There are 2 protein chains.
Amino acid sequence: EEDGLWSPEREARVSSLCLPCAGAPSAAGGCRAAGQAPASPAASYPQKNAEILSSQYGINLFLAGLLLTFAWAVHAVGISKSHLLSYLITLMLIQLLWMLWYLCRSCTQRRLIRDKDTHAGARWLKCGITLFAVITLILDSFKIGYYIDFSNCLSPTEGIFPVTHAVHTILQVYFLWCHAKDVIQSFKTLERFGVIHSVFTNLLLWTNGVLTESKHQLNEHKERLITLGFGNITIVLDDHAPQCNCTTTTLCSVFSQGIYYLYPFNIEYHILASTMLYVLWKNIGRKVEHHQQNKTPFKFHGITVGMIFGLIVLTSTIAIVVVYLIQIGGSKIKSELALTMFYLHAIFVLALMCTAGVVALLIYRLEDRSLDNSKNPARKLDAELLVGTAAGSWLLSWGSILAIICAQGHPKYTWYNLPYSVLVIIEKYVQNLFIIESIHREQEKVNEDIKTLRIVTISRGSTLSLSPLYKEIYNGRAARDSGDIPCLFKGSICGRENDGAGVAREEMSQDNSLVMHSASDFSFYSRNSVTNNKRRILKNIAAFLFLCNLSLWIPPAFGCRPEYDNGLEEIVFGFEPWIIVVNLAMPFSIFYRMHSAASLFEVNCKT
Amino acid sequence: EEDGLWSPEREARVSSLCLPCAGAPSAAGGCRAAGQAPASPAASYPQKNAEILSSQYGINLFLAGLLLTFAWAVHAVGISKSHLLSYLITLMLIQLLWMLWYLCRSCTQRRLIRDKDTHAGARWLKCGITLFAVITLILDSFKIGYYIDFSNCLSPTEGIFPVTHAVHTILQVYFLWCHAKDVIQSFKTLERFGVIHSVFTNLLLWTNGVLTESKHQLNEHKERLITLGFGNITIVLDDHAPQCNCTTTTLCSVFSQGIYYLYPFNIEYHILASTMLYVLWKNIGRKVEHHQQNKTPFKFHGITVGMIFGLIVLTSTIAIVVVYLIQIGGSKIKSELALTMFYLHAIFVLALMCTAGVVALLIYRLEDRSLDNSKNPARKLDAELLVGTAAGSWLLSWGSILAIICAQGHPKYTWYNLPYSVLVIIEKYVQNLFIIESIHREQEKVNEDIKTLRIVTISRGSTLSLSPLYKEIYNGRAARDSGDIPCLFKGSICGRENDGAGVAREEMSQDNSLVMHSASDFSFYSRNSVTNNKRRILKNIAAFLFLCNLSLWIPPAFGCRPEYDNGLEEIVFGFEPWIIVVNLAMPFSIFYRMHSAASLFEVNCKT
């Protein structure tokens with residue numbers, strides 16, 4: 001039973017690669033109870049307190065930063081960008097110190113962090129954050145270059161900030177790679193403060209990125225309005241360019257233009273880091289039951305159809321975005337054409353996604369598998385974030401719908417906005433249902449037994465002696481499963497239970513052809529193919545939706561904002577109020593797409 | 001063991017008074033399993049889905065309403081107040097229909113709603129909501145009178161709205177009295193939609209009330225600014241008075257003035273109803289363990305000191321508010337005097353509250369009782385609301401602190417704002433810690449045994465035969481308690497366990513003097529008095545803080561807003577941005593005071 005199965009010890013060995021001084025700490029890793037109080041009710045006493053203490057500290061940290069950001073955004077008297085940057089630099093330095101302390105301590109006292117939450121910090125999540133972090137480092141180097149170019153008229157904080165940020169990024173990614181799965185059981189109060197500090201520091205950096213990006217988008221929108229001749233709106237460009245000349249003329253425009261293409265990745269990086277750290281915080285002091293989670297790596301095999309359709313959507317979206325950004329603001333006709341094209345494409349994609357989601361949900365209704373409701377902070381956060389951030393784009397959609405209904409004049413292209421907005425609402429509604437149900441479905445439990453079986457088979461080098469062994473394991477399993485629920489009503493419930501066992505049986509058979517041959521029941525074949533087909537459809541849908549969500553992340557992240565250019569909402573609500581609504585809701589809408597793509601990737605691996 | 005103890009059956013009998021047709025349904029109440037599926041994992045399958053389905057529906061309902069409210073607030077083209085009111089009327093009518101259906105069904109099929117969550121819908125909460133509802137009904141009658149007076153120039157919706165609202169209020173309070181504790185186990189999906197619809201309808205009515213109140217406060221503030229001669233701010237009074245003359249001149253001013261003194265109660269009513277309904281929603285389909293919760297009624301005895309100090313604070317606050325509202329806006333000197341007076345009083349009260357909170361927390365540190373971490377949606381919501389709504393006033397305080405630090409000129413009275421703002425942050429920080437720890441502390445478990453004992457004693461009419469019985473129960477209890485946690489380390493943990501048993505022993509003895517005499521251990525007496533003293537101090541602190549929170553609810557609810565009148569923040573952030581921040585954060589800040597008062601009342605009963 002030793003190899004081939006996932007085990008916490010093995011995970012610890014893998015993560016020990018992270019630690020430069022972890023040459024021979026695995027000896028201490030075996031020692032479990034020494035020096036640590038067991039989880040008695042008395043030990044949980046200060047824990048709730050520490051939770052409230054630290055979360056309140058974090059909230060205040062965040063609110064103070066938020067107000068500084070707000071003050072900068074509204075050009076408050078006496079508060080400049082350098083105040084805000086100094087605050088952020090201080091927070092990052094504190095986090096750096098804490099992370100270094102944590103890394104040193106976990107290096108010297110490895111046995112203290114033995115528990116791991118297998119659900120937290122999935123490998124693809126770590127890969128994603130590393131990718132975004134690398135682009136963030138490029139952004140930081142651009143910012144440093146920009147500062148050098150304009151150093152005459154920029155405050156020193158604008159130079160210190162990207163340097164600190166780069167160091168912070170490197171150490172934080174290293175920290176998350178090695179410790180995202182930790183279930184901290186010692187120094188809980190101090191650790192809670194450190195982790196929550198990191199969570200809110202990242203959230204503030206996210207806010208800062210979002211605001212910079214929003215200001216840039218708003219400036220571009222205002223420039224377009226000037227081009228189109230809307231002189232009746234008081235247009236003031238905000239923080240547009242420094243007040244002095246560039247020292248090295250060639251690179252200036254590269255830096256100042258390039259920065260805004262890199263910001264979307266920086267924004268995603270911080271929000272991802274923030275969620276991973278939040279899960280770490282929720283896990284502090286938790287008692288983890290050692291679920292033997294199956295590692296299901298991503299496979300391209302069997303999802304060709306979904307991938308092809310998804311890639312078509314992806315490429316067409318990129319094409320549309322490029323055309324849109326070139327056309328919009330050129331002239332009134334060009335703008336209207338760009339908008340019409342954008343809406344038609346989006347309506348088509350969203351309708352496809354809705355259909356795919358509904359089909360997936362119908363398939364789920366056909367099979368009656370139970371949901372896993374065990375405690376899992378990472379999954380709970382995922383579900384809450386999906387619904388919470390979808391609210392951002394729902395708000396925008398309701399705004400558009402209201403504007404179309406109430407507006408006096410309707411240029412033709414604005415009518416496309418109505419089905420578009422309705423579809424955005426429905427699509428997120430359906431997709432959330434699909435993702436949340438998928439991540440709550442129980443993993444096929446039987447896999448473990450099958451794997452054990454396979455290992456036993458290989459080690460014995462014989463396939464003939466397998467039949468009785470398999471039967472023994474299988475019967476034991478089935479008895480255990482139905483034993484969980486006492487059969488109170490011989491009719492309906494037990495019937496359902498048997499169905500469940502049937503499904504389990506199918507999946508067993510499909511995973512191991514050896515076993516399938518040794519089984520005598522021939523109905524296996526037909527049932528197996530039905531389940532296989534269902535699984536294949538679900539996998540294709542997940543892959544398709546994954547690529548669609550990635551595609552739909554691109555337009556808003558890179559400045560394709562029909563909510564601005566459409567004009568109708570601005571007329572109904574007024575320019576300022578609508579701009580405020582869009583700037584508040586858009587970051588969540590953008591984050592939704594990236595987050596749902598990440599979740600769909602997980603769904604695809606799990607199905 | 002039958003009488004004197006709380007039991008679900010008895011609770012069901014009490015609540016059967018609610019139902020006009022519940023003459024003889026208790027026969028059916030005994031029948032448990034008939035016709036209902038047991039809680040198998042398979043049955044929980046559609047439940048998670050129903051939860052997501054309904055919550056997404058509710059969020060969309062809310063967002064659409066929020067945008068209508070926003071559109072009205074920013075005077076959007078083509079959207080008037082009557083649109084918003086029509087939407088609200090529709091929502092209320094749907095909720096009415098659902099509540100009627102639910103009441104009829106629960107009346108005819110009583111056995112379907114047998115489970116009760118003893119933590120939800122506490123009696124004092126129901127009394128509180130009834131009080132607020134009565135005042136809301138007066139507000140509705142005022143609004144009807146106002147509509148009749150100005151019916152020439154008001155749209156019919158302004159007359160229909162208060163009528164619908166009054167009916168809605170009456171039925172909803174009845175519904176909450178009878179069904180707030182329900183744990184719904186049938187028609188779960190439909191019920192979920194009904195309950196979440198009610199939650200968000202109340203939230204929208206709350207938003208509407210908050211906005212009306214904010215507009216009124218802003219108008220008053222602008223009028224004061226005009227009086228004080230600040231002509232440089234563009235002042236436009238918003239929705240100030242109807243465009244036509246009043247038909248009955250005598251009552252007009254009574255109605256239009258009176259409405260704004262009643263709004264704070266209406267606002268509290270809706271948010272309370274919303275939280276109670278949310279707990280009902282969270283409880284749908286839940287498996288309730290039948291905790292035998294002790295009913296601990298509120299007693300005035302033993303909290304005299306806390307009450308006296310609290311009442312002093314309450315009366316002085318009311319006096320300060322009256323003087324403030326008369327003085328402010330009169331002239332510059334009068335305004336400054338009023339502000340200084342307000343700040344000094346608030347600083348004194350907040351300092352006292354901080355001290356009380358810290359003392360209470362230190363007392364908790366002295367005794368080492370374990371926290372109850374069992375599932376309890378009502379308590380979880382309480383804790384989250386305390387921290388979440390405190391964030392509203394923390395935001396305002398950080399705004400003030402930032403403004404004081406960054407402002408160029410400092411009139412003398414503005415300096416009082418700094419300690420005031422800092423104390424607001426610290427006081428809520430400490431108070432939240434105290435309340436959340438208090439509501440998580442385990443009830444003294446031994447009470448049940450003691451009560452049983454008392455009943456046995458009374459029924460036997462003899463005190464002499466008690467000693468062996470008591471010893472048997474006590475020993476059984478102690479063995480059970482220490483049996484829960486295996487004594488792994490003979491040193492520290494078991495020592496602590498014994499301490500816990502000691503505390504239990506003390507409380508037993510204090511509750512029943514009969515038992516105390518039969519016990520041979522004389523150290524009981526001194527330990528008992530220490531625990532009693534601690535309890536008395538805690539009860540006094542809770543009573544004091546309860547009255548202080550009620551007091552601090554009054555100034556912001558009735559228009560005493562130094563955040564406006566102080567002027568410093570408006571200069572630093574700008575008039576418009578600061579007004580937006582205040583109007584967004586203030587409702588949460590006001591709600592915090594009422595909610596913490598309610599929680600402290602519960603703490604007082606439980607201690």
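A brief structural summary. Only a predicted model underlies this, so the values are computations on that prediction, with no experimental measurement involved.

**Regarding the environment of His 270 of chain A**
All names here are of chain A. Of note, His 270 is situated in helix H8 (residues 249–283). The spacing of His 270 and Leu 204 is 66 residues in sequence and 8.8 Å in space, taken between C-alpha atoms. The contact partners of His 270, leaving out residues within four places of it in the chain, are His 165, Asn 202, Leu 205 and Trp 206.

**So, helix H9 (residues 304–327) of chain B**
Residue and element names in this part refer to chain B. In this model H9 runs 34 Å from its N-terminal to its C-terminal C-alpha over 24 residues, within 8% of the 34 Å that 1.5 Å per residue would give. For H9, the set of buried residues is Gly 306, Met 307, Gly 310, Val 313, Leu 314, Thr 317, Ile 320, Val 321 and Tyr 324. Where H9 terminates, the next one or two residues include Gly 329, which has phi positive at roughly 80°.

**Overview of the nonpolar core**
Residues Phe 175, Phe 434 and Phe 573 of chain A together with Phe 175, Phe 434 and Phe 573 of chain B are the most contacted members of the largest nonpolar core, which totals 311 residues. Residues in contact with Phe 175 of chain A, not counting those within four places in the same chain, are Trp 98, Met 99, Tyr 102, Leu 103, Ala 180, Leu 277 and Leu 280 of chain A.

**Quick notes on the packing of helix H12 (residues 417–440) of chain B against helix H20 (residues 575–606) of chain B**
Residues and elements named next belong to chain B. Their axes nearest at 10 Å, the elements H12 and H20 cross at an angle of 40°. Our classification of the angle between H12 and H20 gives oblique. Pair H12 / H20 crosses with left-handed handedness. On H20, the residues that touch Glu 427, Lys 428, Gln 431, Asn 432, Phe 434, Ile 435, Ser 438 and Ile 439 of H12 are Ser 589, Tyr 592, Arg 593, Ser 596, Ser 599, Leu 600, Val 603 and Lys 606.

**Some remarks on a nonpolar patch on the surface**
Nonpolar side chains collect at one region of the surface, where Val 305, Ile 308, Phe 309 and Ile 312 of chain A lie side by side and expose about 390 Å² of accessible area between them. Mapped onto the elements of the fold, Ile 308 of chain A is located in helix H9 (residues 304–327).

**Structural notes on the side chain of Thr 164 of chain A**
Residues and elements named next belong to chain A. Tracing the backbone through its elements, the reader meets Thr 164 in helix H6 (residues 157–179). Here Ile 160 takes part through its backbone oxygen, which lies 2.7 Å from a polar atom of the side chain of Thr 164. The contacts of Thr 164, once residues within four sequence positions are left out, are Ile 89, Met 92 and Leu 93.

**Some remarks on helix H11 (residues 377–406) of chain A**
Residue and element names in this part refer to chain A. Helix length check: H11 (30 residues) gives 43 Å between terminal C-alpha atoms against 44 Å at 1.5 Å per residue, within 8%. At Gly 392, H11 shows its maximal kink, close to 25°. Extensive coverage of H11 is indicated by the burial of 25 of its 30 residues.

Rules used in this analysis
- Residues numbered from 1 in each chain as written.
- Chains lettered and ligands numbered in written order.
- Predicted model: local features only at pLDDT ≥ 70, side-chain atom pairs only at ≥ 80, totals over all residues.
- Heavy atoms only, no water.
- Helix = DSSP H or I, 4+ residues; strand = E, 2+ residues; numbered from the N terminus.
- Contact = heavy atoms within 4.5 Å.
- Expected span 1.5 Å × (residues − 1).
- Buried < 20%, exposed > 50% of the residue type's maximum accessible area, 1.4 Å probe, protein only.
- Core = buried A, V, L, I, M, F, W, Y, C linked by side-chain atoms within 4.5 Å.
- Axes fitted to C-alpha atoms, helices over the stretch in contact; angles between N-to-C directions.
- Parallel < 35°, antiparallel > 145°, perpendicular 65-115°, else oblique.
- Left-handed = near helix turned anticlockwise from the far one by under 90°.
- Patch = residues over 30% accessible without salt bridge, like charges linked within 9 Å, V, L, I, M, F, W, Y side chains within 5 Å.
- Areas by Shrake-Rupley, 256 points an atom, 1.4 Å probe, with all protein chains shown as cover.
- Salt bridge = Lys/Arg side-chain N within 4 Å of Asp/Glu carboxyl O.
- Polar contact = N/O pair within 3.5 Å; in protein donor to acceptor, adjacent residues only side chain to side chain.
- Bend = angle between axes of the 7 residues up to and from the residue.

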